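Residue-level structure breakdown
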Amino acid sequence: MSISTNIGKLGEYTLATWASQVDMGCNPSTDDRKGWDFILEFDNQKPEKFLDKKPASYSSFIQVKTTSTSKTSIPVKLSNWERMVKNPLPSFSYFYRSVIQTK
């Protein structure tokens, strides 16, 4: 029996699950033509008596790449790398290898 699936969704769901396990915001892109799939939000847990003294929370762009093959590389558009490098927010790529074989 063969399992057919949208392999990209597996990596996205896995990232969202891991983020929720550590109480991190994981907001999906509704239009991912710009090379990022999620914005991760890291809450600043440092208690502070005065709000104006509390350090800001951090955010970063995440591009998710998923594969079900044993290849050690995944193609990424050069324009996506360029946007990630030039963006003032930190940007990361999350590579996920699924054990589910797709057709």
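These remarks concern the structure in this document. (Residues numbered from 1 in each chain as written. Predicted model: local features only at pLDDT ≥ 70, side-chain atom pairs only at ≥ 80, totals over all residues. Heavy atoms only, no water.)

Take the sheet that holds strand E4 (residues 91-97) next. Pairing in this open sheet of four strands is mixed, and the strands run E1-E2-E3-E4 from one edge to the other. A strand with exactly one partner marks an edge of an open sheet, and here the two such strands are strand E1 (25-28) and E4. On average, each strand axis in the sheet is tilted by 30° relative to the strand beside it, whichever way the strands run. When strand E3 (residues 58-67) meets E4, the two strands line up parallel, connected through seven bridges. (Pairing = 2+ DSSP bridges. Helix = DSSP H or I, 4+ residues; strand = E, 2+ residues; numbered from the N terminus. Axes fitted to C-alpha atoms, helices over the stretch in contact; angles between N-to-C directions.)

It is worth spelling out the packing of aromatic side chains at this point. Summed over the entire model, instances satisfying the criterion amount to three aromatic pairs. The interplanar angle of 50° and the centroid separation of 4.8 Å between the aromatic rings of Trp36 and Phe61 together place this pair among those described as tilted. Highlighted residues: Trp36 in the loop between E1 and strand E2 (38-42) and Phe61 in strand E3, separated in sequence by 25 residues. Take Phe61: its relative accessible area is 12%, and that puts it in the buried class. Their ring planes at 25° and their centres at 6.3 Å tell us that Tyr94 and Tyr96 sit as a pair that is stacked. Ring pairing ties together the aromatic residues Trp18, Tyr94 and Tyr96, which thus form one cluster. (Phe/Tyr/Trp six-rings, centres within 6.5 Å; stacked < 30°, edge-to-face > 60°. Buried < 20%, exposed > 50% of the residue type's maximum accessible area, 1.4 Å probe, protein only.)

What follows deals with a nonpolar patch on the surface. Residues Leu78, Trp81 and Phe95 make up a contiguous nonpolar surface patch of roughly 360 Å² in combined accessible area. In this structure, Trp81 sits in helix H2 (residues 78-86). (Patch = residues over 30% accessible without salt bridge, like charges linked within 9 Å, V, L, I, M, F, W, Y side chains within 5 Å. Areas by Shrake-Rupley, 256 points an atom, 1.4 Å probe, with all protein chains shown as cover. Salt bridge = Lys/Arg side-chain N within 4 Å of Asp/Glu carboxyl O.)

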